[in-house]
Amino acid sequence: DAGVIQSPRHEVTEMGQEVTLRCKPISGHDYLFWYRQTMMRGLELLIYFNNNVPIDDSGMPEDRFSAKMPNASFSTLKIQPSEPRDSAVYFCASSQSVDRNYGYTFGSGTRLTVV
Amino acid sequence: AQSVSQHNHHVILSEAASLELGCNYSYGGTVNLFWYVQYPGQHLQLLLKYFSGDPLVKGIKGFEAEFIKSKFSFNLRKPSVQWSDTAEYFCAVNTNAGKSTFGDGTTLTVKP
């Protein structure tokens, strides 16, 4: 398996622009998570899905952030409009509940810089 | 709700020293416990996990962790660290649900 695949690896955008981050989880995994990591705030859970359904989005900073999972193999995190304080590394992770194997597999992350 | 505490924010050791990183959680029921490692500039990777059975769990790269239920602890150990172990280490707890709760992480710096 290729693991959790995120794209793009790096994104530099201007303030006010729309940014879309993409994630392909491991096949068969029924949970998908979006995290944000910064030096100041550490690792923050933004939202997670179970069987493509959003379960908890309480970590989403504000209405500028939205996430979708249209099918089991694809999810997006969108920021519109982007702001400099959104600069961070965004990680996607997936896991499976079968056999209580809840260990996460993380993608390589998307480093977002908003200027 | 469960919580995870990693008391050491930054640990500095010399090569060949022994390592123990503390992790305590607050939850009275059945837990699944994990340690993840994040090398500089990389993503988190699963180091080891505990579900049941032998409370002493062995992971990759010589790491091990011991689950002590009475102390709500899951400390990470390594007898002799190497420079390549420099990384951030995260403890996480899962209560048989999809979402794990992560600690704030401990940064380990190993001096050559």
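Student: Help me out: how do you make sense of the state of the cysteines in this one?
Tutor: What we call a disulfide is simply a covalent bond connecting the sulfur atoms of a pair of cysteines. Tallying each qualifying case throughout the model produces two disulfides over all chains. Paired by a disulfide, A:Cys23 and A:Cys92 hold their sulfur atoms 1.9 Å apart. Judged by the torsion about the S-S bond (-65 degrees), the A:Cys23/A:Cys92 disulfide is left-handed. Residue A:Cys23 is found in strand β3 (residues 19-24), and its partner A:Cys92 is found in strand β9 (residues 88-95); the two are separated by 69 residues along the sequence. Accessibility classification places A:Cys23 together with A:Cys92 in one group, the buried group. With its sulfur 1.9 Å from that of its partner, B:Cys23 forms a disulfide with B:Cys91. The sign of the S-S torsion, about -65 degrees, decides the handedness of the disulfide formed by B:Cys23 and B:Cys91: left-handed. Residue B:Cys23 is located in the loop between β3 (19-21) and β4 (24-26), and its partner B:Cys91 is located in strand β10 (residues 87-94); the two are separated by 68 residues in the primary sequence.

Student: It is not clear to me how the sheet that holds β3(A) should be interpreted in this structure. Could you clarify?
Tutor: Sheet strands pair by backbone hydrogen bonding; their relative direction is either parallel or antiparallel. Residues and elements named next belong to chain A. Read from one edge of the open sheet, four strands run β1-β3-β8-β7, paired in antiparallel fashion. The sheet is open, and its two borders are formed by β1 (5-7) and β7 (65-71), each paired with just one other strand. This sheet shows a mean twist of 15 degrees between the axes of neighbouring strands, independent of strand direction. Sheet topology note: the β3/strand β8 (residues 74-79) ladder contains five bridges and is antiparallel. Opposite arginine 22, over in β8, you have threonine 76 as the bridge partner.

Student: I'm lost on the nonpolar core in this one. Help?
Tutor: Soluble globular proteins tend to bury their nonpolar side chains together. B:Leu33, B:Trp35, B:Leu48, B:Phe74, B:Leu76 and B:Tyr89 are the most contacted members of the largest nonpolar core, which totals 28 residues. When residues of this core are traced back to their parent elements, those giving at least two are β2 (10-14), β3, β5 (32-38), β6 (44-50), β8 (64-68), β9 (73-78), β10 and β12 (106-111) of chain B. With four residues, the single largest contributor to this core is β10(B). Once residues lying within four places of it in the same chain are set aside, the contact partners of B:Leu76 are B:Leu19, B:Glu20, B:Leu21, B:Trp35, B:Leu47, B:Leu48, B:Phe63, B:Glu64, B:Ala65 and B:Tyr89. With 21 residues, the next largest nonpolar core counts A:Cys23, A:Ile26, A:Phe49 and A:Leu112 among its residues.

Student: Would you mind showing me how to read the environment of B:Tyr89 here?
Tutor: Residues and elements named next belong to chain B. Relative to the assigned elements, tyrosine 89 resides in strand β10. With 84 residues separating them in the primary sequence, tyrosine 89 and serine 5 have C-alpha atoms 12 Å apart. Not counting residues up to four positions away in its chain, the partners in contact with tyrosine 89 are Gln6, Leu21, Trp35, Tyr36, Val37, Leu47, Phe63, Leu76, Gly105, Thr106 and Leu108.

Student: Can you walk me through the interface of chain B and chain A in this structure?
Tutor: A common way to report how large an interface is uses the accessible area buried once the components associate. Every contact between the two is made by 20 residues of chain B and, on the other side, 18 residues of chain A. Approximately 1,500 Å² of surface area, both sides summed, lies buried where chain B meets chain A, with 56% of it carried by carbon and sulfur atoms. The largest contributions to the chain B side of the interface with chain A come from B:His43, B:Gly98 and B:Lys99, which together make up 32% of the buried area. Connecting chain B to chain A are three residue pairs in polar contact (both at pLDDT 80 or more).

Student: I would appreciate a short explanation of the pattern of salt bridges in the present structure.
Tutor: As a working rule, side chains carrying opposite charge can pair if their charged atoms are close by. Residues and elements named next belong to chain A. Counting across every chain of the model gives twelve salt bridges over all chains. Residues glutamate 62 and arginine 85 are paired through a salt bridge, measuring 3.2 Å at the closest nitrogen-oxygen approach. Taken together, the positions of glutamate 62 in the loop between β6 (53-56) and β7 and arginine 85 in the loop between β8 and β9 put the pair 23 residues apart, joining distant regions of the chain. Of the charged contacts, one joins aspartate 86 and arginine 64 as a salt bridge, the two residues approaching to 2.7 Å between their closest N and O atoms. Of this pair, aspartate 86 sits in the loop between β8 and β9 while arginine 64 sits in the loop between β6 and β7; the two residues are 22 residues apart in sequence, bridging distant segments of the chain. For the residue pair aspartate 86 and arginine 64, the accessibility class agrees, reading buried in each case. Here the salt bridges do not stand alone but share partners, grouping Glu62, Arg64, Glu83, Arg85 and Asp86 into one network.

About the cut-offs
- Sequence positions are assigned chain by chain, starting from 1 and proceeding in written order.
- Starting at A for chains and at 1 for ligands, labels are handed out in the order in which the entities are written.
- Under the rules for a predicted model, residues below a pLDDT of 70 receive no local features and side-chain atom pairs below 80 are neither given nor counted, while totals for whole chains, interfaces and linings still include all residues.
- The side-chain numbers reported here are obtained from all heavy atoms of the structure, hydrogens and water having been left aside.
- Working definition: a disulfide is two cysteine sulfur atoms within 2.5 Å of each other.
- Where helices and strands are cited, they refer to DSSP runs of H or I of at least four residues and of E of at least two residues respectively, numbered from the N terminus.
- Whether a residue is buried, partly exposed or exposed follows from its accessible area with a 1.4 Å probe, protein chains only, as a fraction of its type maximum: under 20%, in between, or over 50%, in that order.
- In this description, strands pair whenever DSSP reports at least two bridges between them.
- Where helices are involved, their axes are fitted lines through C-alpha atoms of the stretch in contact, as for all axes, and angles between N-to-C directions lie from 0 to 180°.
- The nonpolar core is taken to be a set of buried Ala, Val, Leu, Ile, Met, Phe, Trp, Tyr and Cys residues, with the residues joined through side-chain atoms within 4.5 Å.
- Note on definitions: a residue-residue contact is assigned when non-hydrogen atoms from the two residues lie within 4.5 Å.
- Accessible area that two parts lose when put together, with a 1.4 Å probe and added across both, is what the buried area reports.
- Identification of polar contacts relies on pairs of N or O atoms within 3.5 Å, with a donor-acceptor requirement for protein atoms, meaning one able to donate a hydrogen and the other able to accept it, and with residues adjacent in sequence counted only if both atoms are side-chain atoms.
- For salt bridges, the criterion is a side-chain nitrogen of Lys or Arg within 4 Å of an Asp or Glu carboxyl oxygen.

Any functional reading would require information that these geometric values do not contain.
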